[in-house]
Amino acid sequence: MSELRRRIQGAVRWEVGLLFALVAVVLFGISTSSQFLTSTNFFYLNLSIGEVAIMALPMTLIIVTGEIDLSVASTLGMSSALLGYLYVHGWSIPLAILAVLVVGAAAGALNGFLITKVGLPSLAVTIGTLTLYRGIAVAILGPQTISTFPARYTDIGVTALPHTGGYVSYSVGFFFVLAILFGIVLHVTPFGRSLFVMGANDEAARYAGIRVKRTKFRLFVLSGIVCALAGILYTFRLSTAVQDNGVGLELTVVTVVLLGGVSIFGGRGSIVGVVLAIAVFACLQSALFLTDFEQRAMGVVTGSLLLLSVLIPNASTFVRRGREVLRRRQLRSATAEPAS
Amino acid sequence: MTTTADTPHGVATPGADDSRRIVDLVFRVREFGIVAVLILFVLVTAIAQPRFVDASNIQFILVDTTIFALLALGQTLVVLTRNVDLSIGSVLGLSAFLSADLFGHHQGIPIAVVFLAGLAIGLVCGVAVGFLTVVGGVPSLVVTLAALYIIRGIDVLVVGGGQVVASSLPNAFIEIPKKTLAGVPILAVVVAGVVAVGAYYLRSFRSGRELYAIGSNPEAARLAGIPKGRRVFFAFAASGAIAGVAGVLYAARYGTIDSTAGSGYELQVIAAVVVGGVAIFGGSGSVVGAALGALLLQTILSALYVLGVSPFWNQAIAGALLLAAISLDRGIELKLSAMLRKRRAVVDV
């Protein structure tokens, strides 16, 4: 019981920390530019984070089970390229969307198959599919840029949801709906609990009768579908399908998930934390954008955030290890003295 | 799991000799297998398109392979310890720009100094990555993924919109990849020498063997008194330094360097290393295999180009090869352990 309470307290502390970080980032944004709090900026902020936020949800579940999916951005890129390719080859948009979602599911299924059936580490498999899926995007589009999508669909990417006062984009609307669903699944259902068990101890979960492999397989398929959806939204937002859509977004997705307090070793994390982390990241990105920060160097900020979010939870082990070394040295000098 | 090429301390179980012979054989077969595939590929392509085996095309392939073979050497050291280094493409890019930029700012700077500068830049990056991985206790995947983007971001900030162009580089520097000895690029000979040194180190030095031990079973390695942290740190530092030198070679090879130089190289190098038989779980493989993997990958890409396949397929092919190689390894591993178990059972009876 005390273990449980300790855990809850630990989690709550992390999320409280994120709340403070959010306030700090918003204050930073206000101080840098008078534009920060305007509805236009808020809407752009929505647009810039929507797809990442959506992809972070299945990633959270996957990391909680102790696996990782580095192929998310490539799946997004492949979906975008495929949507463009099918559209210029005369497919209607709804049919093309359906096909893209099916291909996304297949992409996830390939990951899941290699990880659960062949028994390979998810890191190696998804580095491979990161290359493969991006390679397929490059192969089907080549140097082409497709930007003739009908306005009816591209409007989805650039207009606000009705009745939100122009604040919320479609992508973030999708994200909120999905976040609630994922939150309920992860934190309220037995299925969600089983994910934590798997992440904490794979073997124990198996002995407890949890179908570890089947569950992980399904999670990767889910991730593929959700990334395909993100790819469709991405394409409509930019009204463009090119081969390098979303390159490097896997870093941002992994960063927001780990910043949200999900343990990279599995077994710990919450959707609330991830949602807060997404808000922090989006506000920071927007504030930096308003200060004319070189956008292509955003990786420095994102990468540093990623390092911080894994180093901070480890800080206590860090200190303990340092103390151990010191104590061992003292012991050694103490035992060495009588000998000399 | 333990499939090191040879067990460092002789195990006194009956049948150990037999097992060792089988394991040894599998590894020989792997390297011969790559060479066989390579020869087959060259033959088939040469029949279809004779200009593939032109002296100039072969020289091109060899020179392109040198950069990847060097990077594969560094990556092998890291992967052997059950880690991964995703930052090498960015390190290469940063080093390529900064070292080539030296020529513009310091007229008549000796080329050797530029190579040392590249080495130093890479070493700094590798040391930082190794420190965070070992002391921070964070999985190398996360650290090097972050480093990939941080170093690339620094590169973007340093380079800005500019670039180094070939005309600003001294001729002697640009000529390095073009020099040949009896038709073989000197660079390829030098890199082959470096790979041989690496192979000798891993085979015959205590610290080299310990890299295998760490990758086979980190906990057992620690209990056996192997300074695990120090070795892993060394592997990352070496990988960074090698990527730094590879950056200087990149500058000499291509002449034009902007802030995207070397992006995505880490994926090709990991593909080459894994195709070359280095287990992604760590603990087994050789640098010769990794270098052969790099050669095979370059040859395949070049052959497809000569055969008229669009280079837009390159990345997809590298990815597919990577997946095929790790799946194949897994299959071999399962077969092998089943076979060894059966042998041991027979001996016990």
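Just so you know, these numbers come straight off a predicted model, no measurement behind them.

Analysis parameters
- Residues numbered from 1 in each chain as written.
- Chains lettered and ligands numbered in written order.
- Predicted model: local features only at pLDDT ≥ 70, side-chain atom pairs only at ≥ 80, totals over all residues.
- Helix = DSSP H or I, 4+ residues; strand = E, 2+ residues; numbered from the N terminus.
- Buried ≥ 20, exposed ≤ 12 C-beta atoms within 10 Å, placed from the backbone.
- Contact = placed C-beta atoms within 7 Å.
- Expected span 1.5 Å × (residues − 1).
- Axes fitted to C-alpha atoms, helices over the stretch in contact; angles between N-to-C directions.
- Left-handed = near helix turned anticlockwise from the far one by under 90°.
- Nonpolar A, V, L, I, M, F, W, Y, C, P; charged D, E, K, R; others polar.
- pLDDT = per-residue confidence, 0-100.
- Core = buried A, V, L, I, M, F, W, Y, C linked by C-beta atoms within 7 Å.

A.B. asks: I'd like a description of the overall build of chain B, backed by residues and values.
C.D. replies: The helix and strand inventory of chain B stands at 13 helices and 2 strands. Principal axes of the C-alpha set define a box for chain B whose edges measure 75 × 55 × 35 Å. Residue burial in chain B is summarised as follows: out of 349 residues, 49% are buried. At a minimum sequence separation of 6, the contacts of chain B that also span at least 24 residues come to 80%.

A.B. asks: I'd like to hear about helix α10 (residues 228-254) of chain B, residue by residue, with values.
C.D. replies: Because each turn of an α-helix spans 3.6 residues, side chains separated by three or four positions in sequence point in the same direction. All names here are of chain B. Taking 1.5 Å per residue, 27 residues should reach 39 Å; α10 reaches 38 Å between its end C-alpha atoms and fits that length. α10 sits mainly inside the fold: 22 of its 27 residues count as buried. Directly beyond the C-terminal end of α10, a positive phi value near 75° is found at Gly-255.

A.B. asks: Run through the packing of helix α4 (residues 111-136) of chain B against α10 of chain B, naming residues and quoting values.
C.D. replies: Geometry of a packed helix pair, given as the angle between the helix axes and the separation of the axes. Residue and element names in this part refer to chain B. Viewed as axis vectors pointing N to C, α4 and α10 meet at an angle of 150°, and their least axial separation amounts to 6 Å. Both α4 and α10 take part in a crossing whose hand is right-handed. In terms of residue class, the contact of α4 with α10 is built from 21 nonpolar, 10 polar and no charged.

A.B. asks: Lay out the interface of chain A and chain B in plain terms, naming residues and giving numbers.
C.D. replies: Think of interface size as the accessible area that goes away when the parts come together; that is how it is often given. The partner chain B presents 37 residues to the 39 residues of chain A that form the contact. Taken together, the residues that form the side of chain A that touches chain B break down as 23 nonpolar, 13 polar and 3 charged.

A.B. asks: Mind laying out the confidence of the model for chain B, listing which residues take part and the relevant values?
C.D. replies: Residue and element names in this part refer to chain B. Averaged over all residues, the pLDDT of chain B is 86; the fraction at 70 or higher stands at 91%. Element-level pLDDT for chain B is lowest in helix α1 (residues 16-48), with a mean of 77, against a maximum mean of 95 in α10. Here residues 1-14 scores under 50 on pLDDT; set against residues more than four positions off or in separate chains, the count is 25 contacts. Scored as a whole, the predicted complex attains pTM 0.87, and scored at its interfaces, ipTM 0.85.

A.B. asks: Describe helix α12 (residues 271-290) of chain A, with residues and values.
C.D. replies: Residue and element names in this part refer to chain A. For α12, with 20 residues, the first-to-last C-alpha span of 29 Å sits near the 28 Å given by 1.5 Å per residue. With 17 of 20 residues buried, α12 lies mostly within the body of the structure. Positive backbone phi, at 60°, marks Asp-292, one or two positions downstream of α12.

A.B. asks: Go over the nonpolar core, please, and point to the residues and values.
C.D. replies: Generally speaking, soluble globular proteins have nonpolar side chains that are buried together. Core analysis: the largest hydrophobic core is formed by 211 residues, its most contacted members being Ala-56 and Ile-278 of chain A together with Leu-71, Ala-72 and Ala-291 of chain B. With 17 residues, α10 of chain B is the single largest residue contributor to this core. Look past the residues within four positions of Ala-291 of chain B in its chain and what remains in contact with it is Ala-69, Ala-72, Leu-73, Val-195 and Gly-276 of chain B.

A.B. asks: Got a sec to walk through unusual backbone geometry? Specific residues and values, please.
C.D. replies: Residues and elements named next belong to chain A. Even without being a glycine, His-163 presents a positive backbone phi close to 65°. With respect to the helices and strands, the residue His-163 is situated in the loop between α6 (151-158) and α7 (170-188). A tally of 6 C-beta atoms within 10 Å means that His-163 is categorised as exposed. For Ser-239, which is not glycine, the phi torsion reads 50° and is therefore positive. By the element assignment, Ser-239 lies in the loop between α10 (212-238) and α11 (249-259). For Ser-239, a count of 17 C-beta atoms within 10 Å corresponds to the partly exposed category.

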